[in-house]
Amino acid sequence: MSSSYLPATTDSIAQALEAKDPSESISILYRILENPSSSPEALRIKEQVISNLSDLLRQEKRAEELRSLLTQLRPFFSVIPKAKTAKIVRGIIDAVAKIPGTSDLQISLCKEMVQWTRAEKRTFLRQRVEARLAALLMESKEYSEALNLLSGLVKEVRRLDDKLLLVDIDLLESKLHFSLRNLPKAKAALTAARTAANAIYVPPAQQGTIDLQSGILHAEEKDYKTAYSYFFEAFEAFNALEDPRAVFSLKYMLLCKIMVSQADDVAGIISSKAGLQYVGPELDAMKAVADAYSKRSLKFFETALRDYKAQLDEDPIVHRHLSSLYDTLLEQNLCRLIEPFSRVEISHVADLIELPVSHVEKKLSQMILDKKFAGTLDQGAGCLIIFDDPKTDAIFPATLETISNIGKVVDSLYMRSARIMA
């Protein structure tokens, strides 16, 4: 990097953009930033230079240089308005986030910026960087640290009544509690986010995020019809913005259809105008699950889970619901297979359903305990003995009803005699 600076003019920026080599462009932009001039025009040009430089460094995947750029720019931040400083800092942090495998670097960068903003008393920027840090800690599964950070931040932001940031923090808190399987607190935080959002204009992307989280929580409570509505709203918002989260909203919509036994609708949704834009492994995975469910085939279901492991098993939301769906499908298949028998070998049932004997035996014992059918396992003989459903004798309910009616008559006669005696 040359020690001589360049004038802060549009011509210098043009020279940087025209350079053939990205490294040369970066070098020219650094030299423009070294210009000591602090005139309004020079400051405006430098802001443009910082934007171009951060884009180039991101494209070249030079995350460490982006980090050092933030440190290098601190004297510059003291001569520009605080709002512009906040915009530049958040822009550079966003640029680092777009470089794969930089989670740890982002966390340390945010921690550095929090310390600097505290020292400089830049509250507005600090709160936003802390919210970003909490999100990064949650992604890194540092849940306790993220919760501690959020608990202090939410009180401070509520006191300042910054509604837009409050929506972000409440939404983040909801996701954090959901990750910790604390549904009541997750719902309470989401309700707080909705309340704050109702009082202000919320950008469509943020509204889509709220709807997506609402759908996830409703699906967790097995209210799949309401969840589908929220996922649809989120999909429409993300689709209009061409946000990559649109495909996940669509994927969860298909999951809801499967969970309410409407797997036949999945192919129609995928082949619709909106669905065709997102055809790929995510939707292929859900189509394979829907086909397996329609055919009531455990073999196809397991094949889908194996072929689309990344899309199904590694997505915690889909995995949780498909585990429940697999259990339901297994129970239905076992009930159908054992229905004609009064006594049957467990190994024969395992052969029919094409699953290991130990797996089938464990599931049958669980179904007996859950009273899905009446029977017992003879483990010595390796057999399942199925009992006939005990018929309830109609005389007992009728007797109880008669006694109840006699009681009412006696009470009525007692009250009438009490009035006569009075």
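- Within an unreviewed UniProt entry, the label attached to the chain reads Proteasome component (PCI) domain, and the organism entered is Macleaya cordata.
- In UniProt, the chain has this text filed under Sequence similarities (unreviewed entry): "Belongs to the proteasome subunit S9 family."

**A look at the overall build of the chain**
Phase 1 of the analysis: Helix and strand content of the chain: 23 helices and three strands.
Phase 2 of the analysis: The globule rule puts the C-alpha radius of gyration for 422 residues at 22 Å, and the 32 Å found for the chain is more than 25% above it.
Phase 3 of the analysis: Burial analysis of the chain (422 residues in total) assigns 43% to the buried set.
Phase 4 of the analysis: Taking all contacts inside the chain whose residues are at least 6 apart in sequence as the whole, residues at least 24 apart take part in 59%.
Phase 5 of the analysis: Approximately 23,000 Å² of the chain is accessible, and the part contributed by carbon and sulfur atoms is 54%.

**Some points on the environment of Asp168**
Phase 1 of the analysis: With respect to the secondary-structure elements, Asp168 resides in helix α10 (residues 163–179).
Phase 2 of the analysis: Relative accessible area serves as the criterion here: at 33%, Asp168 is assigned to the partly exposed category.
Phase 3 of the analysis: Taking C-alpha positions, Asp168 is 70 Å from Ser417, a pair spaced 249 residues apart along the chain.

**Thoughts on the side chain of Asn333**
Phase 1 of the analysis: With respect to the element layout, Asn333 can be found in helix α20 (residues 316–338).
Phase 2 of the analysis: A distance of 2.8 Å separates a polar atom in the side chain of Asn333 from a polar atom in the side chain of Arg336.
Phase 3 of the analysis: Every residue in contact with Asn333, bar those within four places of it in the chain, is listed here: Arg296, Leu298 and Ile353.

**Here's the deal with the domain arrangement of the chain**
Phase 1 of the analysis: Domain boundaries in the chain define domain 1 (1–100) and domain 2 (343–421).
Phase 2 of the analysis: Once you take the C-alpha centre of each, domain 1 and domain 2 turn out to be 75 Å apart.

**Things to note about the sheet that holds strand β3 (residues 383–386)**
Phase 1 of the analysis: One open sheet accounts for three strands, arranged β1-β3-β2; its pairing is antiparallel. The open sheet has two free edges, formed respectively by β1 (343–345) and β2 (375–378), since each of these has just one partner strand. Adjacent strand axes in the sheet meet at a mean angle of 20° when their direction is disregarded.
Phase 2 of the analysis: In this structure, β2 lies alongside β3, joined through four bridges in antiparallel fashion. Across the sheet, the residue bridging to Asp378 is Cys383, located in β3.
Phase 3 of the analysis: Along the sheet, helix α21 (residues 346–353) contacts β1, β2 and β3; its crossing angle with β1, the most-contacted strand, is approximately 70°.
Phase 4 of the analysis: Contacting β2 and β3, helix α22 (residues 357–369) crosses the sheet at an angle of about 145° to β2.

**What about the packing of helix α6 (residues 82–97) against helix α7 (residues 103–120)?**
Phase 1 of the analysis: Remark: α6 packs on α7, axes separated minimally by 10 Å, with the N-to-C direction vectors making an angle of 165°. Here α7 runs roughly antiparallel to α6, going by the angle between their axes. Where α6 crosses over α7, the handedness of that crossing is right-handed. Contacts between α6 and α7 involve Thr85, Val89, Ile93, Val96 and Ala97 from the former and Leu105, Gln106, Leu109, Cys110, Met113 and Trp116 from the latter.
Phase 2 of the analysis: Across the contact of α6 with α7, the residue classes break down as nine nonpolar, two polar and no charged.

**A word on the pairing of β3**
Phase 1 of the analysis: By the bridge criterion, three bridges tie β1 to β3 in an arrangement that is antiparallel. In the sheet register, Val344 faces β3, and the bridge partner there is Leu384.

**Quick word on helix α12 (residues 204–220)**
Phase 1 of the analysis: Spanning 17 residues, α12 covers 24 Å between terminal C-alpha atoms, matching the ideal 24 Å at 1.5 Å per step.
Phase 2 of the analysis: Burial runs high along α12: 13 of the 17 residues are buried.
Phase 3 of the analysis: Backbone geometry just after α12 places Lys222 at a positive phi near 70°.

**A few points about α21**
Phase 1 of the analysis: Within α21, the full set of buried residues consists of Ile346, Val349, Ala350 and Ile353. Seen from one end, α21 has its buried residues packed into an arc of 100°, which puts them on one side.
Phase 2 of the analysis: Its buried side turned inward, α21 meets α18 (298–307), α20, β1, α22, β2 and β3.
Phase 3 of the analysis: A positive backbone phi angle near 60° is found at Glu354, which sits one or two residues after α21.

**What to know about the side chain of Lys363**
Phase 1 of the analysis: As for its placement among the helices and strands, Lys363 is situated in helix α22.
Phase 2 of the analysis: Among residues more than four places away in sequence, those in contact with Lys363 are Asp327, Leu330, Glu331 and Leu334.

Calculation notes
Residues numbered from 1 in each chain as written. Predicted model: local features only at pLDDT ≥ 70, side-chain atom pairs only at ≥ 80, totals over all residues. Heavy atoms only, no water. UniProt positions renumbered as here; feature names shortened; annotations may be inferred. Helix = DSSP H or I, 4+ residues; strand = E, 2+ residues; numbered from the N terminus. Rg over C-alpha atoms; globule rule 2.2 N^0.38 Å. Buried < 20%, exposed > 50% of the residue type's maximum accessible area, 1.4 Å probe, protein only. Contact = heavy atoms within 4.5 Å. Areas by Shrake-Rupley, 256 points an atom, 1.4 Å probe, with all protein chains shown as cover. Polar contact = N/O pair within 3.5 Å; in protein donor to acceptor, adjacent residues only side chain to side chain. Domains from an automatic or database assignment. Pairing = 2+ DSSP bridges. Axes fitted to C-alpha atoms, helices over the stretch in contact; angles between N-to-C directions. Parallel < 35°, antiparallel > 145°, perpendicular 65-115°, else oblique. Left-handed = near helix turned anticlockwise from the far one by under 90°. Nonpolar A, V, L, I, M, F, W, Y, C, P; charged D, E, K, R; others polar. Expected span 1.5 Å × (residues − 1). Arc of directions from axis to C-beta.

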